[in-house]
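# Working through the structure, step by step
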Amino acid sequence: MTTLIKGGTLVNEGRTFNGSLVIDDERITQIIEGNHTPEVSYDEVIDASGCFVLPGIIDDHVHFREPGLTEKADIDTESRAAAAGGVTTYFDMPNTVPQTTTLEALEEKFALAAQKSHVNYSFFFGATNDNAALFPQLDPHRIPGIKLFMGSSTGNMLVDRREALDRIFATAPMIIMTHCEDTDIINRNMAAVKAKYGDDPKVTHHPEIRSEEACYESTRLAVELATRHHARLHVAHLTTERELGLIPSNQISHLSNITAEATVSHLYFCDRDYTALGTRIKCNPAIKTERDRDALREAINDGRITVIGTDHAPHLLSQKEGGCARAASGMPMIQFSLVTMLELVDQGVLSLERLVELMCHNPARLFEVRQRGFLREGYQADIVLVRPNTGWTVTKDRIQSRCGWSPMEGHMYLWRVERTLCNGHTVYSQGRVDTSYIGQPVAFR
Ligand SMILES: [Zn+2]
């Protein structure tokens, strides 16, 4: 099966150019610069005129809720949302039921994905206070890293004992990706806010409770531990200007041992949006001030943020009722992450080339993903076509996620995901996901 993607504008490795791309079965076999294409016949010709052709997005941070929490989402529904959003690879987090903190639970996830994931996948292994002994048995060619909830209240995966933290940072054979929020500070803030405003304070207080200080103290500790133990640390979802002071500026030619992720939601929203969107945008760590958001926007351009992920974390709308105490934290975002970032490109926040670095190339570089994340000859044909200047509005019927809602409902986008190819196969086009297609496990290193 050969495919020609013809006449688009390719964006790859800092360059934007007119060209075409030949796919043979699963792989990109030829990238042709300029407007002519060879006089060869292909099984399929895709007309990309008017479109930008990017590597498929690699989302390093999702919660697809399977197994155990499938009333909210599952691998089938959320990988449909991924395909519709131009995401061809995702790394799922371990706070499912059971938690992915044993080798058996990890294998179960791979088995589930092999049956129902419509794009490529892998899974983080979750650290606990007492499972570091399993680290040597983890296969570094199969998983991106170890997820560590440092003092965050996600199930009982909260790792708070200092000896346990030291052991994890000293022995982890791969990247440690941390959720950094200090539980003691959060509990103290929650008690103070409750004393003033009652048992379930309005969501506008969420960033007071999950405060800058709670983030800073935990991120500071993570950086200190990583430095002491020469570990590789990737701090998930940074939210504050202050924390950015702890992160070195990483150049794409050389990523240091300490890197950080920002999420689309924290780059797009700020605390003023709680008024209109309420608990829909309640997530942990909290969306903070406009000043923090603007600092994150600066950091995606100067190398302190290396990767943009989503922290796609669906809940049912009924679980989002209430205030700071009662409403669940987390929101779906994977279907609209690329178009949202393209909107920020239109606003001049970042360039299209930089978007591709942060959402495609850098996740591949950081986690040493094999043969994905770039438009390169010989690489897997994970490709997304996006079309500018074509207005459309997010309505419920377009939402692929099981939860059936989005913080972006009613929003008009000017960019549209036209087509998504996963391993050379069109898994999404014209509003439809090919649910017969199953993605591949990602290989690393
Ligand atoms: Zn998360």
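First, a word on what this report is: a plain description of the structure on this page. (Residues numbered from 1 in each chain as written. Predicted model: local features only at pLDDT ≥ 70, side-chain atom pairs only at ≥ 80, totals over all residues. Heavy atoms only, no water.)

### So, the pairing of strand S19 (residues 416–422)
One face of the sheet, then the other: side chains in a regular strand alternate in exactly this way. Stated formally: In this scheme, a residue with accessible area under 20% of its type's maximum is buried, one over 50% is exposed, and one in between is partly exposed, where area comes from a 1.4 Å probe on protein chains only. Comment: elements are numbered from the N terminus, with helices defined as DSSP H or I runs of at least four residues and strands as E runs of at least two. Between any two strands, at least two bridges found by DSSP are needed for them to pair.
Within S19, five of the seven residues are buried, which leaves it mostly tucked inside the rest of the structure. Bridge analysis of strand S16 (residues 383–387) against S19 gives five bridges, and the strand direction is antiparallel. By the bridge assignment, Arg 387 is partnered in S19 with Arg 416. In the sheet, S19 pairs with strand S20 (residues 425–429) via four bridges, with the strands oriented antiparallel. Along S20, the bridge assignment pairs Thr 420 with Tyr 428. Between the antiparallel neighbours S19 and S20 lie two residues, among them Asn 423 with a positive phi of about 50 degrees.

### Looking at the layout of surface pockets
Applied cut-off: Using protein atoms alone on a 1 Å grid, points that fit a 1.4 Å probe yet trap it form a cavity, whereas open point sets bounded by protein on both sides within 12 Å along at least five of seven lines form a pocket; residues with an atom within 4 Å of a point count as lining. Grid points are joined across faces, edges and corners, and a volume is the space filled by probe spheres set on the points. In this classification, the charged set is Asp, Glu, Lys and Arg, the nonpolar set is Ala, Val, Leu, Ile, Met, Phe, Trp, Tyr, Cys and Pro, and all remaining amino acids, among them Gly, are polar.
Taken as a whole, the second largest pocket spans an internal volume of roughly 360 Å³. As for the second largest pocket, its lining consists of 17 residues, of which Arg 416, Val 417, Tyr 428, Gln 430 and Gly 431 are closest to the centre. Going through the elements one at a time, S19 and S20 are the ones with two or more residues in the lining of the second largest pocket. For the lining of the second largest pocket, the element with the highest residue contribution is S19, accounting for four residues. Each residue belonging to the lining of the second largest pocket can be placed in one class, and the counts come to seven nonpolar, five polar and five charged.

### Describing the sheet that holds strand S7 (residues 87–92)
As a reminder, the rule being used: Between N-to-C directions, angles span 0 to 180 degrees; the directions come from axes that are lines fitted to C-alpha atoms, helices contributing only their stretch in contact. Should any heavy atoms of two residues lie within 4.5 Å, those residues are considered in contact.
The three strands lie next to each other as S6-S7-S8, forming an open sheet whose pairing is parallel. Where the open sheet ends on each side, the last strands, each with one partner, are strand S6 (57–62) and strand S8 (120–123). Within this sheet the neighbouring strands show an average axis-to-axis angle of 20 degrees, counted without direction. For S6 and S7, the ladder comprises four bridges, and the chain directions are parallel. From the neighbouring strand, Val 62 faces S7, where its bridge partner is Asp 92. The sheet contacts of helix H2 (residues 103–116) involve S7 and S8, and relative to S8 the element is tilted by about 170 degrees.

### A short note on the packing of helix H4 (residues 183–197) against helix H6 (residues 212–229)
Just so we agree on the cut-off: Every angle not falling under 35 degrees, over 145, or within 65 to 115 is termed oblique; those three ranges are roughly parallel, roughly antiparallel and roughly perpendicular.
Where H4 contacts H6, the two axes come as close as 8 Å, and the packing angle between them is 170 degrees. Considering the angle they form, H4 stands roughly antiparallel to H6. When H4 is examined against H6, the residues Ile 185, Ile 186 and Arg 188 are found in contact with a partner set consisting of Glu 213, Ala 214 and Glu 217. Of the residues that constitute the contact of H4 with H6, the class distribution is three nonpolar, no polar and three charged.

### Quick word on empty space enclosed by the protein
Counting across every chain of the model gives four cavities of 30 Å³ or more. What the largest cavity holds in volume is close to 60 Å³. Every residue along the wall of the largest cavity is listed here: Thr 263, Ser 265, His 266, Cys 283, Asn 284, Thr 310, Asp 311, Ala 313, Gly 330 and Met 331. Each residue belonging to the lining of the largest cavity can be placed in one class, and the counts come to three nonpolar, six polar and one charged. Approximately 40 Å³ is the volume attributed to the second largest cavity.

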